[in-house]
Amino acid sequence: MTADTLAGWSAANRRRAEAMLAAYPDRRSAVMPLLYLAAMEHGHITEDAMREVAALTGMTPAQVQSVASFYTMYKRDGVGRYLISVCTSISCFLLGSDALLAAVEEETGTAGGESSDDGLFSVEHVECIGACGGAPALQVNYELVEGVAPDKGAALCRWLRDAGPEIVLSDEMQQLFGGRRSFDWAIREHEGAVAPVPAFAPYGSSGEEGA
Ligand code: FES
């Protein structure tokens, strides 16, 4: 069924889908990673992708849609190459996230909740991303940067535009544009995100080739 259902997908993503389905005793349990994989394949989660995931898992399209529409990290509309998520919850708000968001919006020419015309950026404001001790914080393709002053946020956007990194890596961005962190992670990160999807090797969305 997988081969027929995913005939239009890349060979690498078909292999990843097979591996995800094989990893669970019940195919339905693969619905969430498969939705991320669908986002990788199509750029965002399309109606067709939800039907494909439904066929793979034995769920109904309505059940898959209910999962995809519940979680904000499943993007139903096109997303730019770099998704910039600025936290505006209370700790970040108290330490200037409004000014940071404004700087990001101005530098990218993109209002919160929208994407730039050239497809390079999407900007969004999000609820707490678990880095309150390093507020204000943002993420680029879900890679975290803490203690970001507005001028550094703008510089980060310029760097993304000018350098166009294939892989965005939290440690690198933190070193270049971050400030105080919640705590020292101790172990340096060696993978990064290759797409506006959380970076995991099995999804093919990290710098490390997945199964
Ligand atoms: S309030 Fe911004 S990371 Fe928690």
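Up top is the structure these notes are about.
Residues numbered from 1 in each chain as written. Predicted model: local features only at pLDDT ≥ 70, side-chain atom pairs only at ≥ 80, totals over all residues.

### Topic: the sheet that holds strand β4 (residues 138-140)
Stated formally: Note on pairing: two strands pair once DSSP finds at least 2 bridges between them. Helix and strand assignments come from DSSP, with helices taken as H or I runs of at least 4 residues and strands as E runs of at least 2, each series counted from the N terminus. Contact between two residues is assigned whenever their backbone-derived C-beta positions fall within 7 Å. Note on method: axes are straight lines fitted to C-alpha atoms, helices fitted across the in-contact stretch only, with angles between N-to-C directions ranging 0 to 180 degrees.
In space, the five strands of this open sheet follow the order β2-β3-β1-β4-β5, with mixed pairing throughout. Edge strands, defined here as strands with exactly one partner in the open sheet, are β2 (114-115) and β5 (143-145). The sheet contact formed by β2 and strand β3 (residues 121-126) spans two bridges and is antiparallel. Bridge assignment links Ser115 to a residue of β3, and that residue is Ser122. Along the sheet, helix α7 (residues 97-108) contacts β1 (82-87), β3 and β4; its crossing angle with β1, the most-contacted strand, is approximately 160°.

### Observations regarding the pairing of β3
For the record, the criterion: With C-beta atoms placed from the backbone, a residue is buried if 20 or more other C-beta atoms are within 10 Å of its own, exposed if 12 or fewer are, and partly exposed between those counts.
For β3, a buried count of five out of six residues is recorded, marking the element as mostly surrounded by other parts of the structure. Bridge analysis of β1 against β3 gives six bridges, and the strand direction is parallel. The residue of β3 that forms the bridge with Cys87 is Val126. Linking β2 to β3, which pair antiparallel, is a turn of five residues; within it Gly119 sits at a positive phi near 75°.

### Considerations on the packing of helix α3 (residues 31-42) against helix α4 (residues 47-57)
The criterion, for reference: Here a crossing is called left-handed whenever its near helix is offset anticlockwise from the far helix by less than a right angle, and right-handed whenever the offset is clockwise. Under this grouping Gly is polar, as are all residues other than the nonpolar Ala, Val, Leu, Ile, Met, Phe, Trp, Tyr, Cys and Pro and the charged Asp, Glu, Lys and Arg.
The N-to-C vectors of α3 and α4 enclose an angle of 140°; their axes lie 10 Å apart at closest approach. Our pair here, α3 against α4, has a crossing hand that is right-handed. Residues Val31, Leu34, Leu35, Ala38 and His42 of α3 form the contact with α4, whose own contacting residues are Ala49, Glu52, Val53, Leu56 and Thr57. Residue composition of the contact of α3 with α4, by class: seven nonpolar, two polar and one charged.

That is the geometry; function is a separate question.
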